[in-house]
Amino acid sequence: MWLTAGRRVTLLGEAFRILGYIPESCLGQQLQWRRFTDDARNAAEQALLKTHGAKLEQALESAIAEIGAYLEACAAEKLEPKLRTLRDYWASGDMDLASVGKGLTQSLNDMRAKQRHRDLAEQIGRSVKLSDYPDIYPARRRLRKLIAVLGPTNSGKTHDAFERLATASSGVYLGPLRLLALEAFTRLNEEFGVRASLITGEERRIVQGSRVTASTIEMLDPTREVDVAVIDEIQMLSDPDRGWAWTQGVVGANAREVWLLGALSAESAIVALAARLGLPLEIRYKTRKHPLVVGQALASNPAGALRRAKPGDAFIVFSRRDALNLRDDLLGLGKSVACIYGALSPEVREREAHRFADGDADVLVATDAIGMGLNLPIQRVVFTAVQKYDGVKRGELSVSLLQQIGGRAGRFGHRDEEGVVAGLTPSEHGVVVALMKATQQRVEPSGFQITAGTAYLEQIAEMSGDSRLEALLSLFLLHADCGDGFFTPFVPDEQLVRAAQLDRLKKLSLPLKHVFSMAPMASQNETIDGVWRGWAYAANQGKRIRLDFLPDSARKASLEEAETTVRLLAAYRWFGYRLPELFVDYDLAEEHLAPWISAVDGHLRSRYKQGVGGGRKGIPSWYWPSKT
């Protein structure tokens, strides 16, 4: 129980009742107070008034003055306090008059911070208009034409584009994978007689006198004027993680002709982009050169199906673990096997592809990594699974993915034979039949991703006065003006997580943090993520980053250790190209790459088991029965 003091006052033309206590005016516990007689209560109140009454009255006066100043500040700054809630609290008698000022100061600070955030959001919205995105590229001021070449796999789209590059005065090929850029580099030089250079995130092969460059799409140089630009796999405009690179490619490719190669599903998106950019568009439709049919399930069970494997078969799995376990089982049946999966470097994938193409391996085991690139003499594509783990759960394959992988059948090397697509057992085969008949979902004609480039981040940093990368990425994501939604802001979740980690390193500049946040180093791999963290800490301390992470011997390394080392060498080269003053052993990394690639290749060529085994009776470790 408290002895309180109160008064009715008028502040800014409104009536308020202010009632409260001070810590010294406590009369005792409520239960004890109820036991007092009226006389005892009066005596206690009078005693408190005598000792603390003046202080209580003074606290009331101060509280009224502080509340008045608070209301005046809110009115002057156009802040909107929750006045109804405050009015009830001020009149409740539960208010400590001595702490009123502290609470009101915190309230003002909170409202001011929210107001600053709203003002900043409005400023960002006015300044960062995604509808103006095309205007930041030199290509906007050039006469350009879009030429879309659309059709299924094995329809000659890439061949047509390479023929055009062969006649162009200058050009660039932009593909989704380093492997595809390497294939383009090789074919242009050897098959089409074009001097071409290779530029990817990790590698530079500059050919003297070259007029064409083969690159990964993220390596687009928007300042370089060329005659012809070829953008492959244009349907990846809708890719949830990398679609921004295709948006950038279409908008920023500084070429007189921009060729867009891909699936028919991308047509509506291409039409929309051409209209928004005000560019003429020509669409060429292609049909498959060789027939593709859906065959029969190989057998009623997976073990029986493997015994029916024949030369020219490609068995499709959806993880490294399953690929190696299936490889081991096929080797156990006396088959010679090539193996391709995502963790392999392009060089190793290319070597494995050559083993299969040259007949050194009868059968290919591959993940969906073969869905793009690698012209292989596959006669039959066999899906051992029709579900794929997406990082959260196993879900059925999309129509586009299954058709893209299935379309590899009947390609290069089997020109007189029809390609065959099948499921391993009737369970998978039923899904394969249904999805091969289905129509691919179209790429939506809006919502094209735009990522937060350095220019946007520096602009937001100047407006906000904040150099924290996570905050700047979030501000871009939340407050960039999307207009009609044709372009949308995009920041990968992994980049936000890494940005928060990098912000703890106080000596890293914003440009350095931005580079580190985009590094192609899988955070799911503990070894690779640990090396990334070590490099970031070293950069924060201003230290040069040396090639000191290599194991002792490539010859003694396990397959997994060799794969990881190749990936780390690739990451080092990626950083070395962008930050040569920090990653000073770029040339040395180039020298060390070959023996580690050979180590991986040696493991895959050997007949030793490389998988982890497992499984249970009647169900191999690599087999995932369909839930349908």
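Peer 1: Tell me about the overall build of the protein chain, residues and numbers included.
Peer 2: Regarding its fold elements, the protein chain presents 20 helices and 21 strands. By principal-axis analysis of the C-alpha atoms, the protein chain measures approximately 110 × 65 × 50 Å. Considering the protein chain as a whole, with its 628 residues, one finds that 53% of them fall into the buried category. Accessible surface for the protein chain amounts to roughly 29,400 Å². Of this, 50% is attributable to carbon and sulfur atoms. Measuring between centres, the 80 positive side-chain charges of the protein chain sit 3 Å from its 77 negative side-chain charges.

Peer 1: How would you sum up the pairing of strand β10 (residues 255-262)? Please name residues and give values.
Peer 2: Where burial is concerned, most of β10 is hidden: 7 out of the 8 residues are buried. With 6 bridges connecting them, strand β4 (residues 145-150) and β10 associate as parallel partners. Each residue of the ladder has a partner; that of Leu146, found in β10, is Val258. Bridge analysis of strand β9 (residues 226-231) against β10 gives 5 bridges, and the strand direction is parallel. Bridge pairing in β10 places Ala229 opposite Val258.

Peer 1: I'd like to hear about the packing of aromatic side chains, residue by residue, with values.
Peer 2: A complete count under the given rule lists 20 aromatic pairs for this structure. Ring geometry for Phe448 and Phe486: centres 5.1 Å apart, planes at 65 degrees, overall edge-to-face. With Phe448 in strand β20 (residues 448-451) and Phe486 in the loop between α15 (469-479) and β21 (487-490), this pair connects stretches of sequence that are 38 residues apart. When its relative accessible area of 2% is taken as the criterion, Phe448 is described as buried. Its relative accessible area of 7% is what places Phe486 among the buried residues. Taken together through their ring pairs, the aromatic side chains of Phe516, Trp535, Phe549, Tyr572, Trp574, Phe575 and Phe583 make up a single cluster. One Lys or Arg, Arg204, reaches over the ring of Tyr577 and ends 3.1 Å from the middle of that ring. We note Arg394 situated over the ring of Trp624; from NZ or CZ to the ring centre the distance is 4.0 Å.

Peer 1: Could you give an account of the sheet that holds strand β2 (residues 14-21), naming the residues involved and the relevant values?
Peer 2: Strand order in the open sheet made by the 3 strands is β1-β2-β3, with mixed pairing throughout. Both edges of this open sheet fall to β1 (5-11) and β3 (95-96), since each of them pairs with a single strand only. In terms of strand pairing, β1 meets β2 through 7 bridges, oriented antiparallel. Note that in β2 the partner of Val9 across the bridge is Phe16. Against the sheet, helix α2 (residues 38-77) touches β1 and β2, its axis set at about 25 degrees to β1. Packed on one face of the sheet, helix α3 (residues 83-90) meets β2 and β3 and runs near 45 degrees to β2.

Peer 1: How would you explain helix α10 (residues 320-332) if you had to name every residue and give the values?
Peer 2: Here α10 spans 18 Å end to end across 13 residues, near enough to the 18 Å set by a 1.5 Å rise per residue. Next to the buried residues of α10 lie α9 (302-306), β13 (313-316), β14 (337-340), β15 (363-366), α19 (559-578) and α20 (586-605). Backbone geometry just after α10 places Gly334 at a positive phi near 85 degrees.

Peer 1: Pulling in residues and values, what's your account of the sheet that holds β9?
Peer 2: Read across the open sheet, the 8 strands follow the order β7-β6-β8-β5-β9-β10-β4-β11; overall the sheet is mixed. This sheet does not close on itself; its edge strands, each paired only once, are β7 (204-205) and β11 (281-285). Strand direction decides the pairing type here: strand β5 (residues 171-175) and strand β8 (residues 212-216), joined by 5 bridges, are parallel. Bridged to Val172 within β8 is Thr213. Sitting on the sheet, helix α8 (residues 267-277) is in contact with β4, β10 and β11, with an inclination near 165 degrees to β11.

Scoring rules and cut-offs
Residues numbered from 1 in each chain as written. Predicted model: local features only at pLDDT ≥ 70, side-chain atom pairs only at ≥ 80, totals over all residues. Heavy atoms only, no water. Helix = DSSP H or I, 4+ residues; strand = E, 2+ residues; numbered from the N terminus. Buried < 20%, exposed > 50% of the residue type's maximum accessible area, 1.4 Å probe, protein only. Areas by Shrake-Rupley, 256 points an atom, 1.4 Å probe, with all protein chains shown as cover. Lys, Arg positive; Asp, Glu negative; His and termini not counted. Charge placed at Lys NZ, Arg CZ, Asp CG, Glu CD. Pairing = 2+ DSSP bridges. Phe/Tyr/Trp six-rings, centres within 6.5 Å; stacked < 30°, edge-to-face > 60°. Lys NZ or Arg CZ within 6 Å of the ring centre and 35° of its normal. Contact = heavy atoms within 4.5 Å. Axes fitted to C-alpha atoms, helices over the stretch in contact; angles between N-to-C directions. Expected span 1.5 Å × (residues − 1).

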